[in-house]
Amino acid sequence: MAHSAEALLADLVGFNVLPGAANGTIADYVRNYLAGHGVDCAVLPGPEGDRVNLFATIGPKDVPGYVLSGHMDVVPVEGQVWTADPFRLTDLGGRLTGRGATDMKGFLACVLAAVPLFKAASLKRPVHIAFSYDEEIGCRGVPHMIAELPELCVPPAGCIVGEPSDMRPVLSHKGKQAVEITFTGKAAHSSQPALGENALYPAAELLLFIRDLSAKMEAEGPFDARFSPPSSTVVAGIVSGGSAVNIIPDLCRLAFEVRSVPGAAPQDVSAKVLAKLDALMAQAQAEGRALSASWQELASYPALAPTPDAGFIALMERLSGGEAIQSVSYGTEAGLFQAAGVPSIICGPGSITRAHRPDEYILREELAACMAMLERLAAELAG
Ligand SMILES: [Zn+2]
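Residues numbered from 1 in each chain as written. Predicted model: local features only at pLDDT ≥ 70, side-chain atom pairs only at ≥ 80, totals over all residues. Heavy atoms only, no water.

A.B. asks: Just to check I follow, could you spell out the overall build of the protein for this structure?
C.D. replies: From N to C terminus, the protein includes ten helices and 15 strands. Taken along the three principal axes of its C-alpha coordinates, the protein extends 80 × 45 × 40 Å. Across the 383 residues of the protein, 52% fall into the buried class. Pairs at least 24 residues apart make up 80% of the contacts formed inside the protein by residues separated by at least 6 positions. About 15900 Å² of surface is accessible on the protein, with carbon and sulfur atoms providing 54% of the total. Here the protein holds 28 positive side-chain charges and 42 negative ones, and the gap between their average locations is 2 Å. (Helix = DSSP H or I, 4+ residues; strand = E, 2+ residues; numbered from the N terminus. Buried < 20%, exposed > 50% of the residue type's maximum accessible area, 1.4 Å probe, protein only. Contact = heavy atoms within 4.5 Å. Areas by Shrake-Rupley, 256 points an atom, 1.4 Å probe, with all protein chains shown as cover. Lys, Arg positive; Asp, Glu negative; His and termini not counted. Charge placed at Lys NZ, Arg CZ, Asp CG, Glu CD.)

Structural data, given as structure tokens:
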């Protein structure tokens, strides 16, 4: 069985497991690998029925330890031009290239490669391996694992989320919620608009409300100077509706996304948009118009605030050899672990700038730097 991080990465890249789909292949691989090293792994099926989170503990189970958190899914390659097969790890001039090499199978490979090390270290405090599914469509898998955390282990001392951060500890990011609204009106011939109900117009009113709400937040805050822009934002990203210019459109979809600074829930901003939606619909109903609307959440995760645990920050700086960064613009599962009471810091190999792009790659020295961090973690927990 493969043991080096690079060999493990090659195996992991071979699993074309996308979010929103079954992940039994990669989960079985990880579980078998752990079993081969005498590590029991809890397989935690999500409500979807065809995908699972994985949780394993190495070391004593009755004392707090550290969670090593990563996601097993990768974003699709559709529409991208790759130099080589994205699901086969290929060395392109020293760049280990493949989908997920950086985001974030490189980290998973290092964690698995470190398992024999953790086993041999006679740990006095445990490490927990927490691998999730469906992260790339809004952290949908990991909440089911976090909900079971109290049964899986004593409250952890900290969680290291191995998203690519060039091996520097990252302390915070914004939260996010994406919402899709569907307006339903009534179709009619365009020559008789009074016989129909145009679904585009209420969407237009809501669009302008969203624009003004974002401008208000950008002007009035709340502000967090660690971010650029320093305020929460809300943007409409998709509007679609209507099929012909001579038909009153009976359907319109509008999707918007909130990015909120730590301390403000993205749902609080969405609630203002949805309150405006309610008001528009109440008005339509009062006027006896055939208009209705429904909405659904597409994705959400809470912001990550800097952990108040200065000892954990110092530990991560020592283990990684990198100075902590205050904030990043991307989101992770770290906010969800933090919301569950687990101090959380992002630290992983490779650069986020390569994530989700064609010819995504990681360098051997980046894998080596992550292995060094995990070796120092093992030594720390053995001491
Ligand atoms: Zn990721």
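A.B. asks: How should I be thinking about the coordination of the zinc ion in this particular structure?
C.D. replies: When a metal holds four donors in a tetrahedron, each ideal angle between them is 109.5 degrees; when it holds six in an octahedron, the ideal angles are 90 or 180 degrees. Protein ligation of the zinc ion involves His 71 (NE2), Asp 103 (OD), Glu 163 (OE) and Glu 163 (OE), the donor distances falling in the range 1.8 to 2.5 Å. For the zinc ion, the donor residues sit on a single chain with the sequence spacing H-x31-D-x59-E. With a gap of 60 residues between them, Asp 103 in the loop between β5 (95-97) and α3 (105-113) and Glu 163 in the loop between β7 (158-161) and β8 (175-184) connect regions that are remote in the sequence. The exposure classification of Asp 103 matches that of Glu 163, with both residues buried. (Donors = N, O, S within 2.8 Å, 3.2 Å for Na, K, Ca; no water.)

A.B. asks: Would you mind showing me how to read the packing of aromatic side chains here?
C.D. replies: Remark: the centre distance and the inter-plane angle together describe each pair of aromatic rings, the angle taken between the planes. This model, assessed by the stated rule, comprises two aromatic pairs. With 5.4 Å between their ring centres and 55° between their planes, Phe 15 and Tyr 29 make a pair best called tilted. Here Phe 15 is found in the loop between α1 (5-13) and α2 (24-36), whereas its partner Tyr 29 is found in helix α2, with 14 residues between them in sequence. You'll find Phe 15 and Tyr 29 in the same group, each marked buried. Pairing Tyr 66 with Phe 312 gives two aromatic rings, centres 5.6 Å apart and planes at 35°, and the pair type is tilted. Remark: Phe 312 occurs in helix α8 (residues 310-320) and Tyr 66 occurs in strand β3 (residues 66-71); sequence separation between them is 246 residues. A relative accessible area of 8% means that Tyr 66 is categorised as buried. The exposure class assigned to Phe 312 is buried, which follows from its relative accessible area of 2%. (Phe/Tyr/Trp six-rings, centres within 6.5 Å; stacked < 30°, edge-to-face > 60°.)

A.B. asks: When you look at the sheet that holds β8 in this model, what are you seeing that I'm missing?
C.D. replies: Read across the open sheet, the four strands follow the order β10-β12-β8-β13; overall the sheet is antiparallel. Bordering the open sheet on either side are β10 (233-241) and β13 (292-301), each of which pairs with just one other strand. Here the strands of the sheet are splayed against their neighbours by 15° on average, with no regard to which way each runs. Here β8 runs beside β13; their pairing, made up of nine bridges, is antiparallel. Residue pairing for β13: Thr 182 is matched across the bridge by Ser 294. Here helix α6 (residues 200-220) sits on the sheet and contacts β8, β10 and β12 (251-260); the angle it forms with β10, its principal contact strand, is near 165°. Across the sheet, helix α7 (residues 266-286) lies against β8, β10, β12 and β13, angled at about 15° from β8, the strand it touches most. (Pairing = 2+ DSSP bridges. Axes fitted to C-alpha atoms, helices over the stretch in contact; angles between N-to-C directions.)

A.B. asks: What is the right way to read the environment of Leu 12 from this model?
C.D. replies: With respect to the helices and strands, the residue Leu 12 is situated in helix α1. Note on Leu 12: relative accessible area 0%, which makes it buried. In the structure, Leu 12 is positioned 97 residues away from Ala 109 in sequence and 7.4 Å away in space, judged by C-alpha atoms. Excluding anything up to four places from it in sequence, Leu 12 contacts Ile 26, Tyr 29, Val 30, Lys 105, Leu 108, Ala 109 and Leu 112.

A.B. asks: What is the right way to read the pattern of salt bridges from this model?
C.D. replies: Between side chains of opposite charge, a pair can form as their charged atoms come close. Overall, the coordinates contain 16 salt bridges when judged by the stated rule. As a salt-bridge pair, Arg 99 and Glu 360 come within 2.6 Å of each other at their nearest N and O atoms. Note that Arg 99 is positioned in the loop between β5 and α3 and Glu 360 in the loop between β14 (344-346) and β15 (361-363), a separation of 261 residues in sequence. Residue classification places Arg 99 among the buried positions, given a relative accessible area of 1%. You can call Glu 360 buried: its relative accessible area is 1%. With its nearest N and O atoms 2.5 Å apart, the salt bridge here joins Arg 226 to Asp 224. Judged by relative accessible area, which is 12%, Asp 224 ranks as buried. (Salt bridge = Lys/Arg side-chain N within 4 Å of Asp/Glu carboxyl O.)

A.B. asks: How should the UniProt feature "domain: Peptidase M20 dimerisation" (unreviewed entry) in the protein be read in this particular structure?
C.D. replies: Following the UniProt record, one finds the feature "domain: Peptidase M20 dimerisation" (unreviewed entry) at residues 172-281. A distance of 38 Å separates the end C-alpha atoms of residues 172-281, which is 34% helix and 30% strand. (UniProt positions renumbered as here; feature names shortened; annotations may be inferred.)

A.B. asks: Explain the sheet that holds strand β6 (residues 127-132) to me, please; I cannot follow it from the model alone.
C.D. replies: Paired through their backbone hydrogen bonds, the strands of a sheet run either parallel or antiparallel. Spatially, six strands are ordered β1-β2-β6-β3-β7-β14 in an open sheet, and the strand pairing comes out mixed. The sheet is open, and its two edges are formed by β1 (41-45) and β14, each paired on a single side. Within this sheet the neighbouring strands show an average axis-to-axis angle of 20°, counted without direction. Pairing of β7 with β14, which is carried by three bridges, proceeds in the parallel orientation. The residue bridging Ile 160 from the neighbouring strand is Ile 345, located in β14. In the packing of α3 onto the sheet, contacts are made with β3, β6 and β7, and the angle to β3 comes to roughly 140°.

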